[in-house]
Amino acid sequence: MNADFDALTARLAEHDDLRSAAALLRWDQATYMPEGGSAARGRQLATLEKLAHDRLTDPELARLVDRVTPAAEREGDGSFAARLVRVARRDIERAARVPAAFVSAFATHRAELYDRWVRARPANDFASVAPLLARTVEMSREYAGFFAPYAHVADPLIDLMDPDLKVTQLRALFDGLRAELVPLVDAITRAAPADASCLHQTFPEADQLAFASAMATRFGYDWSRGRQDRTAHPFMTKFSLGDVRITTRVRPNDLAQALFCTLHEAGHALYEQHIDRRYEATLLAEGTSSGVHESQSRLWENLVGRSLPFWKGQYPTLQAAFPAQLGGVPLDTFYRAINRVQRSLIRTDADEVTYGLHVIMRFDFELELLEGKLAAADLAEAWRERARTDLGVVPGTDADGCLQDVHWYDGFVGGAFQSYALGNLMGAQFFAAALRAHPSIPREIEAGHFDTLRTWLADNVYVHGRARTPDELMLSATGAPLSTAPFMDYLRTKYGALYGL
Ligand code: ZN
């Protein structure tokens, strides 16, 4: 067992090294690479990804997994070895099902469509990308076909991001969520709108970054194992458990950008920084699903970072950082500003109440496109109609409609969006469980102490990495399967008070 297990982890570490090298090149591309590097960078990434894929599908790796399995099973279902074998087998089988020819054909197609989209969005020219998008839908179906049989053609695509979840469950969850969100948004938008003008003054960029980083530090982000840089689109990336980086963007006239982007990405990073160090470079050292990952960014950004207890504690510090801008702005005004709910066109600018409606709409379109009920060419029109009924606003341009998100123009149609809504649901469910275990958490947050919450999350969620599936994690950490109830309770309590409902 030991020699085989060591050989297995050594091979997995080489695979991880290749993926980490690709991630590092991608981070560099988004932060510091000069424009002239882009063509070579594309080739370098393709080479590394091919090598990583080759390592994962090397028959010797599968043989090692087989050899290690009996001993791993004897160690018990919850053991490191048993969990590693389960995840390795899943990843190897998944990689082996997709022919190399498809992988490279899709990479080429994807790069071409992305390039067109970059130009089509500012030009508001959906027609120029629609035929290629139709091809993406076909190729997404083809990809799903490698995993037949399935109950729904989107299931294998969803499984890439959120293992354990299928269209039937998601449709039930999201239909229920939508049915509750639509009347809540109606009620809120009938009330007097919040005034967010205090956020839109001039705030020096360096001071914004300093305050946001200080908050990430307080949450527990470990700067000796991370760093922050600026990018157009903020993200978190990891090259090892000792190097978990975040990026942010700063807008001088919008205090919310750098602050909440930083808290969001710090939430993702806290998850990765607290994974069991034994799992390093083994396939287990990652978040267990996109939805669970997003639950942590949304938890720290919204349930903590946009909460009243948090700002009762931190608002005086923020005012001291920006005395000219916020010195005369009462806490209540600021709190309402950062929690303003409004009908909006752009998903990434949406508040936490309307956000789910943006996501569910995209999820439903993915299913309709894959099922052949909606043609790619008709997406723009369908988008306008659905935005009118669900969001209460109609985009004047496709740039503000079906061209706004990069996802379908740089990847599969199917599985691209559900994680964002799941993140809200899961985040609220984890947070409620943490509060049941430690009712003192809100008082501690007000006092600027986050250790109890972070430690509970680390022990119950983070440390497990991929050793627990999302379903197992939900049950073990919260005692219940995933549900919309904790999130809707949270929204009703918070926004009921804010908008006097
Ligand atoms: Zn995120």
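Residues numbered from 1 in each chain as written. Predicted model: local features only at pLDDT ≥ 70, side-chain atom pairs only at ≥ 80, totals over all residues. Heavy atoms only, no water.

Asker: I tried to follow the overall build of the protein on my own but got confused; where do I start?
Answerer: Scanning the protein from terminus to terminus reveals 21 helices and 3 strands. A compact globule built from 501 residues should have a C-alpha radius of gyration of about 23 Å, and the protein, at 23 Å, falls within 12% of that. Here the C-alpha coordinates of the protein stretch approximately 65 × 50 × 45 Å along the principal axes. The proportion of buried residues among the 501 residues of the protein is 54%. The long-range share in the protein, meaning contacts at least 24 apart out of those at least 6 apart in sequence, stands at 72%. Accessible area of the protein: about 20,400 Å², with a carbon and sulfur share of 54%. Taking the average place of the 55 positive charges on the side chains of the protein and the average place of its 66 negative ones, the gap between the two points comes to 1 Å. (Helix = DSSP H or I, 4+ residues; strand = E, 2+ residues; numbered from the N terminus. Rg over C-alpha atoms; globule rule 2.2 N^0.38 Å. Buried < 20%, exposed > 50% of the residue type's maximum accessible area, 1.4 Å probe, protein only. Contact = heavy atoms within 4.5 Å. Areas by Shrake-Rupley, 256 points an atom, 1.4 Å probe, with all protein chains shown as cover. Lys, Arg positive; Asp, Glu negative; His and termini not counted. Charge placed at Lys NZ, Arg CZ, Asp CG, Glu CD.)

Asker: Would you explain the packing of helix α11 (residues 290–304) against helix α17 (residues 418–437) in this entry?
Answerer: Across the interface, α11 lies against α17 with an axial gap of 7 Å and an inter-helix angle of 65°. Classified by chirality, the crossing of α17 by α11 is right-handed. Each of Ser290, Gly291, Val292, Glu294, Ser295, Gln296, Arg298, Leu299, Asn302, Leu303 and Val304 in α11 lies in contact with α17, whose residues at this interface are Ser419, Tyr420, Leu422, Gly423, Asn424, Met426, Gly427, Ala428, Phe430 and Phe431. A class-by-class count of the residues in the contact of α11 with α17 yields 10 nonpolar, 9 polar and 2 charged. (Axes fitted to C-alpha atoms, helices over the stretch in contact; angles between N-to-C directions. Left-handed = near helix turned anticlockwise from the far one by under 90°. Nonpolar A, V, L, I, M, F, W, Y, C, P; charged D, E, K, R; others polar.)

Asker: Help me understand the coordination of the zinc ion in this model?
Answerer: At this site the zinc ion is bound by His264 (NE2), His268 (NE2) and Glu294 (OE), with donor distances of 2.1 to 2.3 Å. In the primary structure, the donors to the zinc ion are separated according to the pattern H-x3-H-x25-E. Of this pair, His264 sits in helix α10 (residues 255–273) while Glu294 sits in helix α11; the two residues are 30 residues apart in sequence, bridging distant segments of the chain. You'll find His264 and Glu294 in the same group, each marked buried. (Donors = N, O, S within 2.8 Å, 3.2 Å for Na, K, Ca; no water.)

Asker: How do you make sense of the environment of Leu177 when you look at a structure like this?
Answerer: Examined against the element boundaries, Leu177 turns out to sit in helix α8 (residues 167–190). Through-space distance from the C-alpha of Leu177 to that of Ala421 is 9.4 Å; in sequence the pair is 244 residues apart.

Asker: What's the story with the packing of aromatic side chains in this structure? I'm lost.
Answerer: Centre-to-centre distance and the angle between the planes together describe a pair of aromatic rings. The full count for this structure, using the stated rule, is 32 aromatic pairs. On the numbers, 5.2 Å between centres and 90° between planes, the contact of Phe203 with Phe322 is edge-to-face. Note that Phe203 is positioned in the loop between α8 and α9 (205–219) and Phe322 in the loop between α12 (308–321) and α13 (323–326), a separation of 119 residues in sequence. Summarising the burial analysis for this pair, Phe203 and Phe322 share the class buried. Each ring, one from Trp383 and one from Trp408, has its centre 6.3 Å from the other, and the planes form 80°; the classification is edge-to-face. Of this pair, Trp383 sits in helix α16 (residues 379–391) while Trp408 sits in the loop between α16 and α17; the two residues are 25 residues apart in sequence, bridging distant segments of the chain. (Phe/Tyr/Trp six-rings, centres within 6.5 Å; stacked < 30°, edge-to-face > 60°.)

Asker: How should the sheet that holds strand β1 (residues 228–230) be read in this particular structure?
Answerer: Hydrogen bonds along the backbone pair up the strands of a sheet, which may run parallel or antiparallel. Taking strand neighbours across the sheet as the criterion, the 3 strands line up as β1-β3-β2 in an open arrangement whose pairing is mixed. Every interior strand has two partners, whereas the edge strands, β1 and β2 (236–240), have only one. The average angle at which neighbouring strand axes cross in this sheet is 25°, direction not considered. Two strands pair when backbone bridges link them, and β1 and strand β3 (residues 243–248) are joined in this way by 3 bridges, in the parallel orientation. Paired with Gln228 across the strands is Ile246, a residue of β3. (Pairing = 2+ DSSP bridges.)

Asker: Looking at this model, I keep getting lost on the nonpolar core. Mind explaining?
Answerer: Soluble globular proteins tend to pack their nonpolar side chains together in the buried interior. The biggest cluster of nonpolar side chains holds 120 residues, and the ones touching the most others in it are Phe126, Trp300, Val304, Trp311, Phe334, Phe430 and Leu453. Both domains that furnish three or more residues to this core are identified here as domain 1 (2–123) and domain 2 (167–499). Non-local contacts of Leu453, meaning those with residues more than four positions away in its chain, are made with Leu299, Trp300, Val304, Phe431, Ala434, Ile441 and Ile445. (Core = buried A, V, L, I, M, F, W, Y, C linked by side-chain atoms within 4.5 Å. Domains from an automatic or database assignment.)

Asker: Would you mind showing me how to read α9 here?
Answerer: Think of an α-helix as turning once every 3.6 residues; residues three or four places apart then point the same way. The end-to-end C-alpha separation of α9 is 21 Å, in line with the 21 Å expected for 15 residues at 1.5 Å each. Every buried residue belonging to α9 is among Gln208, Leu209, Phe211, Ala212, Ser213, Met215, Ala216 and Phe219, and all of these are buried. Looking at the buried side of α9, the elements it contacts are β1, β3, α10, α11, α12 and α19 (451–460). Directly beyond the C-terminal end of α9, a positive phi value near 120° is found at Gly220. (Expected span 1.5 Å × (residues − 1).)

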